[in-house]
Amino acid sequence: MKTYCIALVPGDGIGKEVIPAGQRILDALTSAEPSLHFRFEHFDWGGDYYRRHGVMMPSEGLDALRKHDAILFGSAGDPNIPDHITLWGLRLKICQGLDQYANIRPTRILPGIDTPLKHCKPEDLNWMIVRENTEGEYSGVGGRTHQGHPLEVATDLSVMTRAGVERILRFAFRLAQARPRKLLTVITKSNAQRHAMVMWDEIAAQVAAEFPEVHWDKELVDAATARMVNRPASLDTIVATNLHADILSDLAAALAGSLGIAPTANLNPERVYPSMFEPIHGSAFDIMGKGLANPIGTFWSIVLMLEHLGETSAAHRLMLAIEHVTANPRLHTRDLGGNATTPDVTEAMCALLTARTHRIHA
Ligand code: NAD
Ligand code: MN
């Protein structure tokens, strides 16, 4: 029997609602698949921890995470603590500390979910966004001086390394090659950002030579937003910088129905460190503590986690259950126009997962 050690980091806001829901789903999966077992360790890091200790997570926290097979993360963000402190003190600290340089964000319109795009059929939108996750605009390099004086200067330096750009582009080409359409769009802003983004374009052309089967093209990030809306079927795998892909993937999530559905994986592809799986949404201050959070983004993130762990049959089983649930409007949460609560959706998922397999396929 295989036992995986999973670190659970709910963090703040609705993270505290969707991560326990995710744990219920993993328990339900194991009750139906006796060969699969999870051991959980809970980490109470986040805003409350900050109020007690003055830091979002302890300095030895990364060492504690390293021992796990994977991390399931909720959200960092507290209404009473500045966002840059919560984000840098927890999520970015983990992504950079564990060198999770490939952030992947699958986007599809699931059964039963409406897209705001008028002429888009569900099969027209099937994207895999690859986001550089450790450097670029979010390198953390910069500073402020003359604070509070008229002379004040503030910089956020975007740092692009050849090694960092090459590894994310190679990852994206490899991923595109593994998908049926073998289609990759490299997104930059190399007209205005004339140094690092030009290097991206050059490296893309170099790496492309290793992948003759992949059709690839380039798009500027502003034009890419319009292309996502007007010609969604012209895109398949997409690779972009940390900032650009952050923005494009929230747009992608909205086009696919809701931010509450979208999943993501922060991968350390070499598996030197554990990878981290999380819904793309944040703490959602406006709905936290009310049972209104859509847990599907977390459940789909667990699918990505199971795939990463090599548990493809469990991953497939879970994805089928998710699609069964989204197909039923009575199980839609408020973000999807429904009245279901987080527990309603979670219990329906658990019932499907613990039922005999043929019921899910039926
Ligand atoms: P958000 O994702 O928290 O919320 C945006 C909107 O989407 C809100 O109206 C919210 O109610 C809705 N929404 C989000 N997830 C939902 C779900 N699962 N079900 C139903 N509705 C959902 O983004 P924000 O408001 O910009 O940020 C709030 C806080 O979260 C900030 O502190 C921000 O820094 C943080 N944040 C953290 C992460 C992360 O840790 N990965 C990501 C994004 C934002
Ligand atoms: Mn984001």
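Above this note sits the structure.
Structure report, in brief. Every chain begins its residue count from 1, and numbering advances along the sequence as written. Both sets of labels track the order of writing: A upward for chains, 1 upward for ligands. It should be noted that, the model being predicted, local features are given only for residues of pLDDT at least 70 and side-chain atom pairs only at 80 or more, the latter also being counted only at that level, while totals for whole chains, interfaces and linings use all residues. Values reported for side chains reflect all heavy atoms of the structure, with hydrogen atoms and water molecules removed beforehand.

### Digging into the packing of helix H5 (residues 162-178) against helix H6 (residues 196-208)
When two helices pack together, you describe them by how their axes are tilted relative to each other and by the distance separating the axes. So the rule is basically this: With axes taken as lines fitted to C-alpha atoms, and helix axes fitted only over the stretch in contact, angles between N-to-C directions fall between 0 and 180 degrees. Every helix listed is a DSSP run of H or I at least four residues long, and every strand listed is a run of E at least two residues long, numbered separately from the N terminus. Any angle between 65 and 115 degrees counts as roughly perpendicular, while under 35 counts as roughly parallel, over 145 as roughly antiparallel, and the rest as oblique. Two helices that cross are described as forming a left-handed crossing if the nearer one is turned anticlockwise from the farther one by less than a right angle, and a right-handed crossing if clockwise. The contact criterion used throughout is that any non-hydrogen atoms of two residues lie within 4.5 Å.
For the pair H5 and H6, the least separation of the axes is 9 Å and the interaxial angle reads 45°. In terms of orientation, H5 lies oblique with respect to H6. Handedness of the H5/H6 crossing: right-handed. For the pair H5 and H6, the contacting residues are Arg162, Val165, Glu166, Ile168, Leu169, Arg170 and Phe173 in the first and Met199, Trp200, Ile203, Ala204, Gln206, Val207 and Ala208 in the second.

### Points about the site of ligand 1
As a reminder of what qualifies: A molecule or strand has a residue near it when one of that residue's heavy atoms lies within 4 Å. Pairs of N or O atoms within 3.5 Å make up the polar contacts considered here, provided that, within protein, one atom can donate a hydrogen while the other can accept it, and that residues adjacent in sequence are counted only when both atoms are side-chain atoms. Note on areas: Shrake-Rupley with a 1.4 Å probe; residue coverage comes only from the protein chains shown. The definitions used throughout rest on a 1 Å grid laid over the protein atoms alone, on which a cavity is an enclosed set of points accommodating a 1.4 Å probe that cannot get out and a pocket is an open set flanked by protein within 12 Å on both sides along at least five of seven lines; lining residues are those having an atom within 4 Å of a point. What decides whether a molecule sits in a cavity or pocket is whether more than half of its atoms lie within 2 Å of the grid points. The nonpolar class holds Ala, Val, Leu, Ile, Met, Phe, Trp, Tyr, Cys and Pro. Asp, Glu, Lys and Arg form the charged class, and all remaining residues, Gly among them, are polar.
Among the 21 residues in the neighbourhood of ligand 1, the closest are listed as Asp83, Gly282, Ala284, Asp286 and Asn294. Asp286 places a side-chain nitrogen or oxygen 2.8 Å from an oxygen atom of ligand 1. Contact with the protein chains hides 72% of the accessible area of ligand 1, taken as 800 Å² for the molecule alone. When each cavity is represented as a set of grid points, ligand 1 is found to reside in the largest pocket. For the shell around ligand 1, the secondary-structure elements that each account for two or more residues are strand E3 (70-75) and helix H4 (83-97). Tallied by class, residues from the shell around ligand 1 come to nine nonpolar, seven polar and five charged.

### Quick notes on the layout of surface pockets
As a reminder of what qualifies: Grid points are joined across faces, edges and corners, and a volume is the space filled by probe spheres set on the points. Start and end positions for the domains come from either an automated domain assignment or a database one.
Put simply, the largest pocket is a space of about 770 Å³. Considering the residues around the largest pocket, the lining is formed by 35 residues, among which Ser75, Ile280, His281, Gly282 and Ser283 are closest to the centre. When contributions to the lining of the largest pocket are tallied by element, the ones reaching two or more residues are E3, H4, helix H8 (242-255) and strand E12 (275-279). When residues in the lining of the largest pocket are grouped by element, the largest group, six residues, is from H4. Looking at the lining of the largest pocket residue by residue, the classes come out as 15 nonpolar, 10 polar and 10 charged. When residues of the lining of the largest pocket are sorted by domain, at least three fall in each of domain 1 (1-106 + 262-362) and domain 2 (115-140 + 160-256). Computed from the structure, the second largest pocket encloses a volume of approximately 420 Å³. What lines the second largest pocket is a set of 23 residues, and nearest its centre among them are Pro106, Met128, Val303, Leu304 and Glu307. Put simply, the parts of the chain that give the lining of the second largest pocket at least two residues each are strand E4 (102-108), strand E5 (126-132), strand E11 (263-267), helix H9 (296-308) and helix H10 (312-326).

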